[in-house]
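If you want the building blocks of each chain, they are given just below.
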Amino acid sequence: MAKKIVSDLNVRGKKVLIRVDFNVPMKNGVITDDTRIRAALPTIEYVINNGGKAIVFSHLGRVKEEADLVKNDITPVAKRLEELINKPVKFVNQTRGAELEAAAANLGEGEILMFQNTRFEDLDGKKESKNNAELGAYWASLGEVFVNDAFGTAHRAAASNVGIAANVSETAAGFLLEKEIKYIGGAVDTPVRPYIAILGGAKVSDKIGVIEALLEKADKILIGGAMMFTFFKAQGINVGASKCEEDKLDLAKELLAKGAGKLVLPVDTVCAKEFADNPGVVKAITELEADDMGLDIGPKSLEVFAEVLAGAKTVVWNGPMGVFEMKNYAAGTIGVCELLANLEGANTIIGGGDSAAAAESLGYADKVSHISTGGGASLEYLEGKTLPGIACVDEI
Ligand code: ADP
Ligand code: MG
């Protein structure tokens, strides 16, 4: 079941609708991180370098009221695209209308057109986000073929992905989406074993679906982050003042029973008496005092993790091991980055908003096989769910 890729299309002379994920962080109209724009360049460049006419569009933020139209104006993104791709980008400040239609119709081979934030259509009955049929058909009418390169929104059916796909003759994945399918899809469908999952982050409740799916599929699951304390408390261990979900103890018990032999928990934690970036104290998990807050996994836990990871051929990681935003509690997360970077011949995949950001900010972007560009989408994909934004892409 291979998906059609943009390079399988004959784009010459064709108007190619390209859905990208340019949902970049902005402060007062200034882009603070343009990684997502850079990540989409290969697909856009492929289209224009092969004589296609690129019609590029994305959502930006959420649009609920008039004020959001100003806040989420995508004009600065079009400007940044122009700088990065080093070619003129014709920008149309509307999501539908005569100007957009004329600009699309008059686009030349190798030219780029970008239009306004697709979610401007949400102001009137959430047309984009609820996949309004008329809107998808309208956007499809502006081009001839459709390329989806927006993984971050692939878990939601919108007019700008499945709506368009339903109304064009050919749909392909962009190179970025292709990479997500190859790595995350590969881990879900045909993992090379041993297959080890590492889960951390804030809450068990955010990750129930993933834990359950991985209990079926992975050979071992390493647990870190705040979620470990819910598992410890479920076993009657005193977790002190650590972050813990009291209402998920029964669930944690169930998962522990189901995952007997598969779930591997830390043996020590770096803890503190207050939530501040001061050096912590390493304690065995069973030795926390009432006012101890576990904020990272400890060095012995990393040794345990290293043993489990030795020889792994597929590793999927979601959720930081500790409060990595504070340098005194980043060692566990850095340690796991190191372990992944040093695994030979393994597919190492990081999915999840904060874990991806952690690996990138800590300098491990080039040392793992794949860092996913989608937080929620990568979680749902790992759960084994069908993502509408991938399902709508033609098979070869
Ligand atoms: P992701 O976005 O990768 O799925 P989450 O959103 O689930 O990850 O969790 C990330 C957050 O979890 C981070 O902000 C981090 O500070 C927090 N966190 C991790 N470990 C702990 C801990 N022991 N105590 C409190 N917060 C933690
Ligand atoms: Mg997160």
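So, here is what we can say about the structure in this document. (Residues numbered from 1 in each chain as written. Chains lettered and ligands numbered in written order. Predicted model: local features only at pLDDT ≥ 70, side-chain atom pairs only at ≥ 80, totals over all residues. Heavy atoms only, no water.)

## Focus on the pairing of strand β4 (residues 53-57)
Definition in use: Type-normalised accessible area, obtained with a 1.4 Å probe on protein chains alone, sets the label of each residue: buried when under 20%, exposed when over 50%, and partly exposed for intermediate values. Helix and strand definitions here come from DSSP, where helices need a minimum of 4 consecutive H or I residues and strands a minimum of 2 consecutive E residues; each element is numbered from the N-terminal end. Here, strands pair whenever DSSP counts at least two bridges between them.
Along β4, 5 of the 5 residues are buried, which leaves the element largely enclosed by surrounding structure. Of the two faces of β4, the one lined by Lys-53, Ile-55 and Phe-57 and the one lined by Ala-54 and Val-56 are each fully buried. With 5 bridges connecting them, strand β1 (residues 15-19) and β4 associate as parallel partners. Counted as the bridge partner of Val-16 is Ala-54 from β4. Where β4 meets strand β6 (residues 112-115), 3 bridges bridge the pair, whose relative direction is parallel. Counted as the bridge partner of Ala-54 is Ile-112 from β6.

## Things to note about the sheet that holds strand β12 (residues 268-272)
What counts is decided by this rule: Axis definition: a line fitted to C-alpha atoms, limited for helices to the stretch in contact. Angles are taken between N-to-C directions and run from 0 to 180 degrees. Note on contacts: a residue pair qualifies if any of its non-hydrogen atoms lie within 4.5 Å across the two residues.
Taken together, 3 strands build an open sheet; the order of strands is β13-β12-β14 and the sheet is antiparallel. A single partner strand is all that each edge strand has here, and the edge strands are β13 (281-284) and β14 (293-297). Across the sheet, the axes of successive neighbouring strands diverge by a mean angle of 45°, strand direction being ignored. The pairing of β12 with β14 spans 4 bridges and is antiparallel. Bridged to Ala-272 within β14 is Met-293. Helix α11 (residues 299-309) contacts β12, β13 and β14 of the sheet and is inclined by roughly 40° relative to β14.

## Focus: the sheet that holds strand β5 (residues 89-92)
Taken together, the 6 strands give an open sheet; going across it, the order is β5-β6-β4-β1-β7-β8, and neighbouring strands pair in parallel fashion. Two strands bound the open sheet, and with one partner strand each, they are β5 and β8 (170-173). Adjacent strand axes in the sheet meet at a mean angle of 25°, parallel and antiparallel pairs treated alike.

## Details of the site of ligand 1
Short version of the rule: Being near a molecule or strand, for a residue, comes down to having at least one heavy atom within 4 Å of it. Contacts described as polar in this section are N or O atom pairs within 3.5 Å, which, within protein, must combine one atom able to donate a hydrogen with one able to accept it, while residues neighboring in sequence count only if both atoms come from side chains. Only the protein chains shown count as covering a residue, and every accessible area follows the Shrake-Rupley method with a 1.4 Å probe.
Every one of the 18 residues lining ligand 1 counts as a neighbour, but Lys-207, Gly-294, Glu-325, Asp-354 and Ser-355 are closest to it. Ala-226 has a polar backbone atom sitting 3.2 Å from a nitrogen atom of ligand 1. Summarising the interface, the protein chains cover 85% of the accessible area of ligand 1, which totals 590 Å² for the free molecule. Within the residue set of the shell around ligand 1, elements represented by two or more residues are β14 and α13 (353-361). It is α13 that contributes the most residues to the shell around ligand 1, 3 residues altogether.

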